[in-house]
Number of protein chains: 2
Amino acid sequence: MSSLRSLDENLISHIPPFRKLERVDVREILDAATPKRFSAGQTIFEEHETAERFFLLLDGHVRVIRTTAGGDQVIARHIVSGELMGIAPAIGRTTYPASAVAIDDCLVLFWPTNLWSTFVEKYEGFATETYKTVGERISEANNHILELATQQVEQRVARALMRLAIQSSRTTDEGMEIDFPLTRQNISEMTGTTLYTVSRLLSAWEKQGIVTSGRKKVVVTDMGKLKSLADLDPMANS
Amino acid sequence: MSSLRSLDENLISHIPPFRKLERVDVREILDAATPKRFSAGQTIFEEHETAERFFLLLDGHVRVIRTTAGGDQVIARHIVSGELMGIAPAIGRTTYPASAVAIDDCLVLFWPTNLWSTFVEKYEGFATETYKTVGERISEANNHILELATQQVEQRVARALMRLAIQSSRTTDEGMEIDFPLTRQNISEMTGTTLYTVSRLLSAWEKQGIVTSGRKKVVVTDMGKLKSLADLDPMANS
DNA sequence: CGAATAGGTTGTTCTAGCACAAACTTCGCC
DNA sequence: GGCGAAGTTTGTGCTAGAACAACCTATTCG
């Protein structure tokens, strides 16, 4: 009760889907929300499971994962604070299309799925903003397809690191440090390659001063060079 | 005028987004629509172009294409009759995310984009149905990513053909014939490989009685075998 | 504190499938 | 009815990157 009351309106009032709302509406939405903590490694929801809730990540990082029949894992995306997740109802699904696991300790709010339609009808701008989010995720997915179909492993890994650095890093004196634990294996699951190849690439890049990396840690020290690797056209050898 | 009046309500009344509508509503929607023909090879809309219209394909087949900076093409999906396309407004975009070209002669209806919000508000079930469509396309895209990241070329091509055969084929005495012109090059652009590799695969499969193929033509003669190729787990060699 | 475990590196081998080349077939069209 | 363009086949390299193996280094936890 007291923990519910303690949810501050500023927590969510700046987040896109809620940005255009009146203070009272935000209050209402918060009152309907349940906050929950997940510790690193915990599963927030599972692929194929009935989507009984949708979530807003307030703090921490979440990995969205799909698994093949053969047991291979693919990391579809990373969710950072301020993003909605598990929004199956938005796209007419009753079931989650992927699993979500907490990378570090996370704080989320969640609502029962049946409230989705209420939100969409009642709160001006909520629908448009979330559909914009959906649209962005479609574009991301399509770009990912384009990359997998046309680019070399080196470029794909370069792009993946660039995106992560832009999406979720802190700037240190070394450069842009990706601010959640990230293994070679993780990177390989984002790019459709093997942890060995990623390891070799990182080693090579470290020698060229493009990145610094350690156990579960990657720092981009020269974004310019990384970008030029990502943009390299493999066909342009004329 | 007379061509407009000639649009029959049965044309669209059975199509998911319109299925739940009253006859009058269907009439209204048809009256707002412009019909247009495209001949084989014509571009219906182009990637990055401002999305001024959304379309319903009434007859024919459309290829949805994305092009990389390096000039490579990727076929994102095929649209068959009865499907909406160019629905950028549904996902909060003002611009088309891909190009659409007519594979054979096509008949489409289109509406100005600004009618989208009217449709969503005014017609019960239109929103839910279209968001379901959006959801299906997201799933498709994610499956495609999974495939590209984890499967061998042979499986990807097998799957692509399976899907096409299911989605758009006529049954002849030979088997399921994909009912629009489809080249080796096209298949390679759907699966992220080269036309040479596709050609070799088709030749091999033809010898095994799985497919029959000719110029711009593919017939699946043994869906069961094709499916077992698609499902083959490359890791399962123990 | 020391063993177990998770993560990382690097060498070696091997092959799927790309690249390029060349010839063949089918089709549309003047 | 024959020419050119578009589509297909097949052969011959060749290499990116997967697979496997072995070893190393942090971390964690009893």
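Here, every reference points to the structure presented above.
Below or above, wherever it landed, is the structure these notes cover. It should be emphasised that the depicted structure is a prediction, and the values quoted were computed from it without experimental measurement.

**Details of the nonpolar core**
At step 1: Ranked by size, the top nonpolar core spans 53 residues in total, and within it A:Ile12, A:Trp111, A:Val134, B:Ile12 and B:Val134 carry the most contacts.
At step 2: Residue contacts for A:Trp111: discarding those within four places in its chain leaves A:Phe18, A:Ile29, A:Ala32, A:Ala33, A:Glu52, A:Arg53, A:Phe54, A:Phe55, A:Leu56 and A:Phe119.

**Side note on the environment of A:Ala51**
Residue and element names in this part refer to chain A.
At step 1: One can find Ala-51 in the loop between strand S2 (43–45) and strand S3 (53–59).
At step 2: Ala-51 gets classed as buried once you look at its relative accessible area, which sits at 7%.
At step 3: The sequence separation of Ala-51 and Ala-76 amounts to 25 residues, and the corresponding C-alpha distance is 18 Å.
At step 4: Contact partners of Ala-51, with chain neighbours within four places excluded, come to Ala-88, Thr-94, Thr-95, Tyr-96 and Thr-113.

**With respect to the interface of chain B and chain A**
The accessible area lost on association of the parts is a frequent measure of interface size.
At step 1: Taken together, the contact between chain B and chain A spans 27 residues of the former and 27 residues of the latter.
At step 2: When chain B packs against chain A, the two sides together hide about 2600 Å² of surface, and 70% of this comes from carbon and sulfur.
At step 3: When the area that chain B buries against chain A is broken down by residue, the three leading residues are B:Arg66, B:Ile145 and B:Leu146, summing to 21%.
At step 4: At the junction of chain B and chain A, the tally comes to four residue pairs in polar contact (both at pLDDT 80 or more).

**Some details on the protein's contact with DNA strand C**
At step 1: Around DNA strand C sit 19 residues, and of these A:Arg184, A:Arg200, B:Val153, B:Thr193 and B:Thr197 come closest.
At step 2: Atoms of DNA strand C within 4 Å of the protein belong to the sugar or the phosphate in 65% of instances, the rest to bases.
At step 3: Between DNA strand C and A:Ser199, the relevant distance is 2.9 Å, taken from a phosphate oxygen to a side-chain nitrogen or oxygen of the residue.
At step 4: A distance of 3.4 Å separates a sugar or linking oxygen of DNA strand C from a polar side-chain atom of A:Arg215.
At step 5: Put simply, the parts of the chain that give the surface near DNA strand C at least two residues each are helix H9 (195–207) of chain A together with helix H8 (195–207) of chain B.
At step 6: Tallying contributions element by element places H9(A) first for the surface near DNA strand C, with five residues.
At step 7: Within the surface near DNA strand C, the residues separate by chemical class into five nonpolar, eight polar and six charged.

**Focus on the relation of the copies chain B and chain A**
At step 1: Least-squares fitting of chain B to chain A yields an RMSD of 0.0 Å, with the transformation described by 0.0 Å of translation along the axis and a rotation of 180 degrees. Seen this way, the second copy is the image of the first under a two-fold rotation axis.
At step 2: In this assembly, 100% of the residues forming the interface of chain B have copies in chain A that are likewise at the interface, indicating an isologous arrangement.

**Regarding the packing of helix H6 (residues 153–167) of chain B against helix H7 (residues 184–191) of chain B**
The packing of two helices is summarised by the inter-axis angle and the distance between the axes.
Residue and element names in this part refer to chain B.
At step 1: Axis separation between H6 and H7 bottoms out at 9 Å; the angle between their running directions is 110 degrees. Comparing their axes, H7 and H6 come out roughly perpendicular. For the pair H6 and H7, the contacting residues are Arg-156, Val-157, Ala-160, Leu-161 and Leu-164 in the first and Ile-187, Met-190 and Thr-191 in the second.
At step 2: Here the contact of H6 with H7 is built from residues that sort into six nonpolar, one polar and one charged.

**Some remarks on the protein's contact with DNA strand D**
At step 1: Close contacts around DNA strand D come from 19 residues, with A:Thr193, A:Thr197, B:Arg184, B:Ser199 and B:Arg200 the closest.
At step 2: Atoms of DNA strand D within 4 Å of the protein: sugar and phosphate make up 65%, bases the balance.
At step 3: A:Thr194 is positioned such that a nitrogen or oxygen atom in its side chain is 3.2 Å from a phosphate oxygen of DNA strand D.
At step 4: Note that a phosphate oxygen of DNA strand D is positioned 2.8 Å from one of the side-chain N or O atoms of A:Thr197.
At step 5: If you list the elements that add at least two residues to the surface near DNA strand D, you get H9 of chain A together with H8 of chain B.

Parameters and conventions
Residues numbered from 1 in each chain as written. Chains lettered and ligands numbered in written order. Predicted model: local features only at pLDDT ≥ 70, side-chain atom pairs only at ≥ 80, totals over all residues. Heavy atoms only, no water. Core = buried A, V, L, I, M, F, W, Y, C linked by side-chain atoms within 4.5 Å. Buried < 20%, exposed > 50% of the residue type's maximum accessible area, 1.4 Å probe, protein only. Contact = heavy atoms within 4.5 Å. Helix = DSSP H or I, 4+ residues; strand = E, 2+ residues; numbered from the N terminus. Buried area = accessible area lost by both parts, 1.4 Å probe. Polar contact = N/O pair within 3.5 Å; in protein donor to acceptor, adjacent residues only side chain to side chain. Near = heavy atom within 4 Å. Nonpolar A, V, L, I, M, F, W, Y, C, P; charged D, E, K, R; others polar. Least-squares fit on C-alpha atoms with pLDDT ≥ 70 in both. Axes fitted to C-alpha atoms, helices over the stretch in contact; angles between N-to-C directions. Parallel < 35°, antiparallel > 145°, perpendicular 65-115°, else oblique.

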